Amino acid sequence: MPEPTKKDETPNGEKVWSLGEGQAPEDLDKPVDTPPLSSLLIERPQGGSITVGGDISFVAKVEAQDLLRKPTIKWFKGKWMDLASKTGKHLQLKETFDRRTKIHTFEMHIIKAKDNYAGNYRCEVTYKDKFDSCSFDLEVKELEQSQSVDIRSAFKRSSEGHEDAGDLDFSGLLKHREPKQDETPEVDVWEILKSARPDQYEKIAFEYGITDLRGLLKRLKKTKKEEKKSEAFAKKLDPAYQADKGGKIRLMVDLADPTVELKWYKNGQEIRPTPKFIFEQKGTQRILVINNCGLNDDAAYSVAAGEEKCTTELFVKELPVKITKEIEAVKTTVNERIELECEVSEEGAQVKWCKNGVEVPTGPRSRYRVKSEGLKHWLIIDDASKEDTGTFSLMASGGTSEAKVQVELKPLKIIQDLQDMTVLLGQPLKMHCEIFPGNVPGRWYRNGQLIQSNDRINILQRAKNHRLEIVNSTIHDAGDYTFVPEGYSQSLCAKIHIVDPPRVHLESLNFPDNTVTIVAGNKLRVEIPISGEPAPRVVWMKGERVILDSGHRVRAETFSDHTSLTIDIAEKEDTGNYKIVLQNEAGEAGASVKVKVVDIPDPPEVPLVTEVGGDWCSMTWEPPIYDGGSPILGYFIERKKKQSSRWMRLNFDLNKETTFEPKKMIEGVPYEVRVFAVNAIGVSKPSEPSKAFVPLAVTSEPTMLVVDDVTDTTVTMKWRPPDTIGAAGLDGYLVEYCIEGTDDWRVTNKELTEKTKYTITGLPPEAKILVRVRAINAAGASTPRTLQHSILVKEVIEPPKIRIPRHLKQTYTRKVGEAVNLVIPFMGKPRPKVSWLKEGETVDPTQVTIRNTDCDSIIFIRKAERKHSGKYDMKVEVENHVDTAIVDIQIVDLPGPPQCVKIDEVWGGNVALDWTPPKDNGNAAITGYTIQKADKKTMEWYTCIEHYHRTCITITELVVGNEYYFRIYSENMVGLSEGATQTKDSALIVKEGMQLKNPEYIDHDFKEPPKFTQPLINTFAIAGYNATLNCSVRANPRPKVIWMKNKIAIIDDPRYRMFSNQGVCTLEIRKPSPYDGGMYSCKAINDLGDALVECKLEVKGGFTFSELMQRGVPLHLIDKYMSETKAVEQPEK
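Predicted model only: the values in this text are computed from it and were never measured.

Rules of the game
- Residues numbered from 1 in each chain as written.
- Predicted model: local features only at pLDDT ≥ 70, side-chain atom pairs only at ≥ 80, totals over all residues.
- Heavy atoms only, no water.
- Helix = DSSP H or I, 4+ residues; strand = E, 2+ residues; numbered from the N terminus.
- Buried < 20%, exposed > 50% of the residue type's maximum accessible area, 1.4 Å probe, protein only.
- Contact = heavy atoms within 4.5 Å.
- Areas by Shrake-Rupley, 256 points an atom, 1.4 Å probe, with all protein chains shown as cover.
- Pairing = 2+ DSSP bridges.
- Axes fitted to C-alpha atoms, helices over the stretch in contact; angles between N-to-C directions.
- Salt bridge = Lys/Arg side-chain N within 4 Å of Asp/Glu carboxyl O.
- Core = buried A, V, L, I, M, F, W, Y, C linked by side-chain atoms within 4.5 Å.
- Phe/Tyr/Trp six-rings, centres within 6.5 Å; stacked < 30°, edge-to-face > 60°.
- Lys NZ or Arg CZ within 6 Å of the ring centre and 35° of its normal.
- Polar contact = N/O pair within 3.5 Å; in protein donor to acceptor, adjacent residues only side chain to side chain.
- pLDDT = per-residue confidence, 0-100.

Draft legend 1. Quick look at the overall build of the protein. Of the regular secondary structure elements, the protein holds 7 helices and 85 strands. Expressed as a percentage of its 1133 residues, the buried residues of the protein come to 38%. In the protein, the share of contacts with a sequence separation of at least 24, taken over all contacts with a separation of at least 6, comes to 63%. Accessible surface, the protein as shown: approximately 65,600 Å² in total, 49% of it carbon and sulfur.

Following this line, the structure appears as structure tokens:
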């Protein structure tokens, strides 16, 4: 056990006991949470008394008979200080277990006790939810003879070498009572040190042999602080007080100044005068009297006098409650009242009643009641039972009192016994007996089986009468009945007999009209419940023939609760009525059962396919001749391909009718079908397969039927083939027409036509007809495609229109030697007349081949030459209507070589070259030059630069000392010129030391007025499609570009978008209409001048006459539309 720790010293220098730190004063009133007490300790530690320096042991024992593991034990001093952490040379804890007696023994040994070990101790034992504790006191007495202490030996440094070695527990030193070996010192060193100066301490310690000077100085410093006297208190409170519970205690202080105001506090709260707290005054003494001390008075107290304050602690010791009058043993009988009385030493004491070591419940619904009055305590049992037998005990803090209670049964007396009875089946059964004592319960048994109360059986008890009532008796209610009173070995017996006439219970079979249906070939077993007591004799009959139990295929059997008819293999002849006759001593009964033998039906007749479609057919059949004795519920249909042997079920739900329409067949594949009949018994065999059939379908109607041409006596129609043709293919088309207003459709082609275009001839002029076309194949004619509007048989003049392809609206460029083949479509009726001019002259047919058809004109040049370049004018005429177009053809060739290549200057490793463009550019703009060099020694040519645009260049990084020749190729869109122009002179790259004379250059003036390098081109646009006009301009400084339509500037018009990038000017016209046609111009302006280019834009759109006819527009609306179109076009021209 480590050395006791110390609390803070009181102002007058005294110290409070401690074995470790004590509980803080403000925590003394806080309750300690502990589980409810239960008896675990069979031997409790008892308080004791020893002298200082003596040894003492405390023992606690716990019985482990009902414990699964070792309980937990804790030893405390005071309320909270756990002694498990204080074990050492002064405190030892020990645990042992005796396996024979199964008892745990826990011991606490205090060795060489000191006076501050005195106090209250507590032992706590816990196991799961059980808890037990015991408090005991230790008193440490001082020795009668006092011994002086050698301060010099106390402050001699020990050999342990700790930092605080030699630091004395002064209060323990003053109370040291062990016999001293050394002689009593002759000199009081403390007095010398107290009166000496600090600079003399070391000399005094050396003189008197004190080696631990550091510990001596620390002790002296504390002593001097303690000697400080209080100005308000002449005598302060003691460090601690102790009082017994219910006792009285006086706390007294002596004031230095009686006039000072004094206040008392408990746990920091000011105390007011009450009958419990009384303030007394005797001279300078101030006394606080606390009457009837309780556990809540165990607290920290303080008294304040002015600015000074002194404190103390009050410990309230709870005296153990002792048993002053033991419990007396009780012996009684059942249903009597039991009162157990015990008397304790203290009123209001907390006690616990136990039965066989277990606390008895005392709640509102408990059989046990607890009562206390003064020092007496009672446990009351109003209605004693045999289970109350046992050992009852009362447990108090100071002891336990036990007594045995024995409850016995009263002798049984039978007043009325049970009687044997005979009861008719279904009649009520009532049994009665009477016994004494009257409040004894009992149990009823039938044939040794316990009878429980239910809806049919009632078990009643009123005082000494016991009844068993059965509402409707059954056969099972017969037997031996016994009534056994609870707690007694005696019993009451009776025999019950049930009588019942014979009966046949056909209603339990749930057969309609008592008819049993069986499938032929199956086994039939009919079990019919019967009843009767005694068991009746049963006879089965069919007609006049008796069925015996020894029959081979048909037999009858009888059992205790039922009779049965068995037919091993049912046949059609087994159908009929079967009679049952029952006889016994109580009477006779009879009933009849009808047996019906059924089978699957015969197969249906061969199915007949009446109609065939593209992927379907219609079929019908006759029902089977024999339905198997059960109505036909429906049919299953199967099909298969003729070449296959695998049949496929077509319906999973029964088909009620004798017709069916199979679907989802493959067109052109032969199929067969068959039918199954179904009744309640099962499915018949399949019918014979039908004759093979092939699904075929007519084609869908022709598509896109339009009018192609109309004359005064003919109408030409054209159409597209049907979307769906099918496996039967397409044999041809049939064209029909009728006069508008009649339904007389006439076939125009006696033989089918395979073409999708047909001309109807022999029509009356100016008649209105309707036309329709059918597609014909092996399956028949398709749905007709009819023209929605009537057609007027009259030839109409259609003005010519030239449809210039988009790529021909700009210059058409080809290389020399390539073929030129241009197709230019046009429209007009009757056939237009086409003529061509080149530069205003007739085209030479030996140079250019022109071929004209009804709808287009073709220009063909087998091998193009540069002389074929130019503008070709096309003219299309229909009577007085004319339309023209221009096609610009450009034939290009390789350019010639540059002219006059010369060396301008040579300096360092550089050579300046200059040349003039080629005389022949190959009918195309020069796009660049390729410069090559060659050493005079090898004359191997190497390319210096390609695609160079200027006519002067400086060749760099030439080798010093070499002499070079140069040559240049010109290049256009076709390629490099065939030949190159070479410099006449060579350029010698001189070595270092040569002086180069830098020529003087005059800055070139790049300013120039606007000039259009690419003009605008006349353009044709399609109504509703965006159109663009493009041109390119060169100028410095950058010009301002203005777009105009018909000489009017285009400003902020959302229909137009204008772009300019690197001199290329673009005007975009969004979705133009015929009104957007006209003359467009682009004007570029800067400070040096201006330039202007123009072009014509023609917007073509709308519908042609034939297109309107195809759409079925009436003629008067077509004429009006065409006249408005001409009126718009003529002002633009």
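Read on for the rest.
Draft legend 2. Expanded view of unusual backbone geometry. Between Lys-829 and the following residue, Pro-830, the backbone shows a cis peptide bond with an omega angle of -10°. Position of Pro-830 relative to the elements: it lies in the loop between β62 (820-829) and β63 (833-838). Cis peptide bonds are those with omega within 30 degrees of zero, and the linkage from Asn-1036 to Pro-1037 qualifies with 5°. Turning to its location among the elements, Pro-1037 is positioned in the loop between β79 (1027-1036) and β80 (1040-1045). One non-glycine residue, Glu-766, adopts positive backbone phi at about 60°. You can see Glu-766 is positioned in the loop between β55 (757-760) and β56 (768-777). Although it is not a glycine, Glu-879 sits at a positive phi angle of roughly 55°. One can find Glu-879 in the loop between β67 (870-878) and β68 (881-892). Glu-879 sits in the exposed class, given a relative accessible area of 56%.

Draft legend 3. Representation of the sheet that holds strand β65 (residues 849-852) in the model. Pairing is antiparallel across the open sheet formed by 4 strands, whose spatial order is β60-β62-β66-β65. Edge strands, defined here as strands with exactly one partner in the open sheet, are β60 (798-802) and β65. Strand-to-strand, the axes of this sheet are offset by a mean angle of 20°, without reference to chain direction. Where β62 and strand β66 (residues 856-861) come together, 6 bridges link them in antiparallel fashion. Counterpart to Ile-824 in the pairing with β66 is Ser-857.

Draft legend 4. Fine view of the pattern of salt bridges. Tallying each qualifying case throughout the model produces 48 salt bridges. Between Asp-477 and Arg-446 there is a salt bridge, and its shortest N-O distance comes to 3.9 Å. With Asp-477 in the loop between β34 (465-470) and β35 (479-485) and Arg-446 in strand β31 (residues 442-446), this residue pair connects regions lying 31 residues apart in the sequence. Ionic pairing is found between Glu-865 and Lys-867, a salt bridge with its closest N-O pair at 3.5 Å. A relative accessible area of 36% means that Glu-865 is categorised as partly exposed. Through salt bridges that share partners, Arg-337, Glu-339, Arg-369 and Asp-382 make up one connected network.

Draft legend 5. Representation of the environment of Ile-249. Relative to the helices and strands, Ile-249 resides in strand β12 (residues 249-255). Of the residues examined, Ile-249 reaches a relative accessible area of 11% and is grouped as buried. Counting along the chain gives 40 residues from Ile-249 to Val-289, while the straight-line C-alpha distance between them is 5.9 Å. Beyond its immediate sequence surroundings of up to four residues, Ile-249 is in contact with Tyr-241, Gln-242, Ala-243, Leu-288, Val-289, Ile-290, Cys-293 and Leu-314.

Draft legend 6. Here's a closer look at the nonpolar core. Phe-58, Trp-75, Met-108, Ile-110, Tyr-121 and Leu-138 are the most contacted members of the largest nonpolar core, which has 27 residues in total. Only β3 (56-63), β4 (72-77), β7 (103-110), β8 (119-127) and β9 (130-141) provide two or more residues apiece to this core. What Leu-138 contacts, discounting residues up to four positions off in sequence, is Gly-48, Ile-50, Ile-56, Phe-58, Ile-110, Tyr-117, Ala-118, Gly-119 and Tyr-121. One finds Leu-509, Ala-570, Ala-591 and Val-593 within the second-largest nonpolar core, a separate group that totals 24 residues.

Draft legend 7. Quick peek at the sheet that holds strand β16 (residues 285-290). Taken in spatial order, the 4 strands of this open sheet run β10-β12-β16-β15, and their pairing is antiparallel. Of all strands in the sheet, those bounded by a partner on one side alone are β10 (233-235) and β15 (277-282). The mean angle between the axes of side-by-side strands here comes to 30°, regardless of whether they run parallel or antiparallel. Direction of pairing for β12 relative to β16: antiparallel, over a ladder of 6 bridges. The residue bridging Val-253 from the neighbouring strand is Arg-286, located in β16.

Draft legend 8. Looking closely at the environment of Pro-898. Structurally, Pro-898 is set in the loop between β68 and β69 (899-907). Residues within four places of Pro-898 in sequence aside, it is in contact with Trp-915, Thr-916, Pro-917, Pro-918, Tyr-929, Ile-968, Tyr-969, Ser-970 and Thr-981.

Draft legend 9. Region of the structure containing the side chain of His-377. Considering the arrangement of structural elements, one finds His-377 in strand β25 (residues 376-381). The class of His-377 is buried, set by a relative accessible area of 4%. If near-sequence neighbours (up to four positions away) are discounted, His-377 is found in contact with Leu-340, Glu-341, Cys-342, Val-344, Ala-349, Val-351, Trp-353, Lys-371, Ser-372 and Leu-394.

Draft legend 10. Focus on the packing of aromatic side chains. Counted according to the given criterion, the structure contains 12 aromatic pairs. A network of ring pairs unites the aromatic residues Phe-58, Trp-75, Tyr-121 and Phe-136 as a single cluster. Seen from the ring of Trp-647, Lys-640 lies directly overhead, with NZ or CZ sitting 5.3 Å from the centre. Over the aromatic face of Trp-745 sits the side chain of Arg-772, whose NZ or CZ is 4.1 Å from the ring centroid.

Draft legend 11. Looking closely at the environment of His-562. One can find His-562 in strand β42 (residues 562-567). Residues His-562 and Val-504, spaced 58 residues apart in sequence, show a C-alpha to C-alpha distance of 8.8 Å. Discounting residues that sit within four places of it in the chain, His-562 has contacts with Glu-527, Ile-528, Pro-529 and Ile-530. Within the structure, His-562 has its side chain in polar contact with the side chain of Asp-561 (distance 2.8 Å).

Draft legend 12. Spotlight on the pairing of strand β30 (residues 429-436). Among the 8 residues that make up β30, 6 are buried, leaving the element largely enclosed by the rest of the structure. Across 3 bridges, the pairing between strand β28 (residues 413-416) and β30 is antiparallel. Within the sheet, the bridge partner assigned to Lys-413 lies in β30 and is Phe-436. In this structure, β30 lies alongside β34, joined through 6 bridges in antiparallel fashion. Across the sheet, the residue bridging to Cys-433 is His-466, located in β34.

Draft legend 13. Summary view of the confidence of the model for the protein. When pLDDT is averaged along the protein, the result is 83, and 87% of the positions lie at 70 or above. When the criterion is pLDDT under 50, residues 1-36 qualifies, and its contacts beyond four places in sequence or with other chains add up to 92 contacts. The model gives residues 155-185 a pLDDT under 50, and that stretch makes 53 contacts with residues more than four places away or in other chains.

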